[in-house]
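This is what each chain is made of:
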Amino acid sequence: MTRVGLEGQVVVVTGAARGVGELLARKLSARGASIALVGLEPDALKQVAERLHGDSAHWYADVTDHEAMVRVAAEVKERFGKVDVVVANAGVATGGPFADSDPESWRRVIEVNLVGSAVTARAFLPLLTESRGYLLQIASLAAITPAPMMSAYCASKSGVEAYAHCLRAEVGPKGVRVGVGYLSWTDTDMVRGADQDEVMRELRQRLPWPANKTYPLGPAVDRLVAGIERRSAHVYGQGWLRAMQGVRGYLPGIIGTVGQREMKRFAGRLQSVRTGLVGAGGAADEQARAGRITHCS
């Protein structure tokens, strides 16, 4: 597949303060792209911007806020003159049994990961249409296979996968390409935050190989960069994820059977699973929302 050079391209990355978003911004910048960073941590975004190789700017915005994202899109256009690529990467996670989950945290995962991705696309699609650009939607192994104790995350990532596939057909005639990026457990603050819970960590370790491993961030992001250069419809952060597509129809039945056995094994410890969003990104989201509530009251 023909690669599109990133020199002179303008790339928007949401959730850019840390993890996948931060490293992706750095690698794209090293290839000559100008980077617009979007997230909820202005100090961290400023630090990321200062470490980039070329032109960059950062915006504080909640991806679920339509008005804020429309404003960001307009300001990015004013700052850089165009937008060639948007990476909808912002995401949060929570774990634990659905029946005992915190309703606000569960809803927030759906809002950020699914609704926030759609809000991002809605705000930037006019600019991507002008440039005949590319939208990369970050999904997950969680879009391919269900997993007990991860109902919100799996629902949100299944949702963004389906939404992005629908969008690809709609905007293709306008010259806009849409891709879906799949990542397994990758060494980020989100995964490390989830692993702080003993039950969640042990459950993940009991998954079959190769889904029970934590994979280094660098090679996964390199694959995302290559996917952006190729304007790929599917990008796999770990190569084995491609093979999962061929067996995904069997996975709900398998997980439904095996998962019940695991739930029985951990039944006496499930009440100890922490509710709320996990990792530093989850803490930043909770802090930002608390600040808005305080300000409004």
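Since the structure is predicted, the reported quantities are computational estimates derived from the model, not experimental observations.

Asker: Any chance you could explain helix 3 (residues 66-80) here in plain terms?
Answerer: Helical geometry: 3.6 residues make up each α-helical turn, so side chains three or four residues apart lie on a common side. Its 15 residues place the ends of helix 3 21 Å apart at the C-alpha level, agreeing with the 21 Å of an ideal helix rising 1.5 Å per residue. Along helix 3, the positions that sit buried rather than exposed are Ala 68, Met 69, Val 72, Ala 73, Val 76 and Phe 80. Seen along its axis, helix 3 keeps its buried residues to an arc of 140 degrees; they face one direction. Of the exposed residues in helix 3, the ones pointing more than 90 degrees away from its buried face are Glu 67 and Glu 78. Residues of helix 3 that are buried make contact with strand 1 (10-14), strand 2 (34-39), strand 3 (56-60) and helix 4 (103-131). The N-terminus of helix 3 is capped by Asp 65, whose side-chain oxygen sits 3.2 Å from the backbone nitrogen of Glu 67. Of the residues trailing helix 3, Gly 81 is marked for its positive phi of about 90 degrees.

Asker: Explanation requested: the environment of Ser 156 in the structure shown.
Answerer: When you line up the elements, Ser 156 lands in helix 5 (residues 151-171). Judged by relative accessible area, which is 0%, Ser 156 ranks as buried. Ser 156 sits 19 residues away from Gly 175 along the chain, and the two C-alpha atoms are 27 Å apart. One polar contact links the side chain of Ser 156 to the main-chain carbonyl oxygen of Tyr 153, over a distance of 2.8 Å.

Asker: Just to check I follow, could you spell out the packing of helix 3 against helix 4 for this structure?
Answerer: Geometry of a packed helix pair, given as the angle between the helix axes and the separation of the axes. In the contact formed by helix 3 and helix 4, the axes pass within 8 Å of each other and the chain directions differ by 25 degrees. It follows that helix 3 is roughly parallel to helix 4 by the angle criterion. In terms of crossing hand, the pair formed by helix 3 and helix 4 is right-handed. Contacts between helix 3 and helix 4 involve His 66, Met 69, Val 70, Val 72, Ala 73, Val 76 and Lys 77 on the former and, on the latter, Val 119, Thr 120, Arg 122, Ala 123, Phe 124, Leu 127 and Glu 130.

Asker: Explain the packing of helix 1 (residues 19-30) against helix 8 (residues 217-230) to me, please; I cannot follow it from the model alone.
Answerer: Packing of helix 1 against helix 8 leaves a shortest axis separation of 9 Å and a crossing angle of 60 degrees. Between helix 1 and helix 8, the angle falls in the class oblique. Along this stretch, helix 1 crosses helix 8, giving a crossing that reads as right-handed. Residue-level contacts link Gly 19, Val 20, Leu 23, Leu 24, Lys 27 and Leu 28 of helix 1 to Leu 217, Gly 218, Val 221, Asp 222, Leu 224, Val 225 and Ile 228 of helix 8.

Asker: Hey, could you run me through unusual backbone geometry in this one?
Answerer: For residues besides glycine, phi is generally negative; the peptide bonds are generally trans as well. Along the chain, Trp 209 connects to Pro 210 via a cis peptide bond; the corresponding omega equals 5 degrees. Within the secondary structure, Pro 210 sits in the loop between helix 7 (198-205) and helix 8. For Arg 231, which is not glycine, the phi dihedral falls at a positive 55 degrees. Looking at where Arg 231 falls in the secondary structure, it is placed in the loop between helix 8 and strand 7 (234-236).

Asker: Would you take a moment to explain the pairing of strand 6 (residues 177-182) for this structure?
Answerer: In summary, the side chains of a regular strand alternate between the two faces of the sheet. Most of strand 6 is tucked away, with five of its six residues classed as buried. Relative to strand 6, strand 5 (residues 134-138) runs parallel, the two sharing five bridges. Residue Tyr 134 lies in a different strand from strand 6, and its bridge partner there is Arg 177. Crossover connection from strand 5 via helix 5 to parallel strand 6: handedness right-handed. Direction of pairing for strand 6 relative to strand 7: parallel, over a ladder of three bridges. Of the residues in strand 7, the one forming a bridge with Tyr 182 is Tyr 236.

Asker: I would appreciate a short explanation of a nonpolar patch on the surface in the present structure.
Answerer: Taken together, the side chains of Val 247, Tyr 250, Ile 254 and Val 258 present a nonpolar region at the surface, about 370 Å² in accessible area. Judged by its relative accessible area of 35%, Val 247 is partly exposed.

Asker: It is not clear to me how the pattern of salt bridges should be interpreted in this structure. Could you clarify?
Answerer: As a working rule, side chains carrying opposite charge can pair if their charged atoms are close by. Evaluated as defined, the whole model comprises 22 salt bridges. Between Arg 79 and Asp 55 there is a salt bridge, and its shortest N-O distance comes to 2.6 Å. Within this pair, whereas Arg 79 is found in helix 3, its partner Asp 55 is found in the loop between helix 2 (42-51) and strand 3, the two being separated by 24 residues in sequence. By relative accessible area, Asp 55 is classed as partly exposed at 36%. Two residues, Glu 75 and Arg 71, come together in a salt bridge whose shortest N-O distance is 3.5 Å. Of the two residues, Glu 75 and Arg 71 are both situated in helix 3; the distance of four residues between them amounts to about one turn of the helix. Using a relative accessible area of 30% as the deciding quantity, one classes Glu 75 as partly exposed. Among the charged side chains, a network of salt bridges with common partners joins Arg 18, Glu 41, Asp 187, Asp 189 and Arg 192.

Procedures and definitions
- Residues numbered from 1 in each chain as written.
- Predicted model: local features only at pLDDT ≥ 70, side-chain atom pairs only at ≥ 80, totals over all residues.
- Heavy atoms only, no water.
- Helix = DSSP H or I, 4+ residues; strand = E, 2+ residues; numbered from the N terminus.
- Expected span 1.5 Å × (residues − 1).
- Buried < 20%, exposed > 50% of the residue type's maximum accessible area, 1.4 Å probe, protein only.
- Arc of directions from axis to C-beta.
- Contact = heavy atoms within 4.5 Å.
- Polar contact = N/O pair within 3.5 Å; in protein donor to acceptor, adjacent residues only side chain to side chain.
- Axes fitted to C-alpha atoms, helices over the stretch in contact; angles between N-to-C directions.
- Parallel < 35°, antiparallel > 145°, perpendicular 65-115°, else oblique.
- Left-handed = near helix turned anticlockwise from the far one by under 90°.
- Pairing = 2+ DSSP bridges.
- Right-handed = clockwise from strand over helix to strand, strands pointing away.
- Patch = residues over 30% accessible without salt bridge, like charges linked within 9 Å, V, L, I, M, F, W, Y side chains within 5 Å.
- Areas by Shrake-Rupley, 256 points an atom, 1.4 Å probe, with all protein chains shown as cover.
- Salt bridge = Lys/Arg side-chain N within 4 Å of Asp/Glu carboxyl O.

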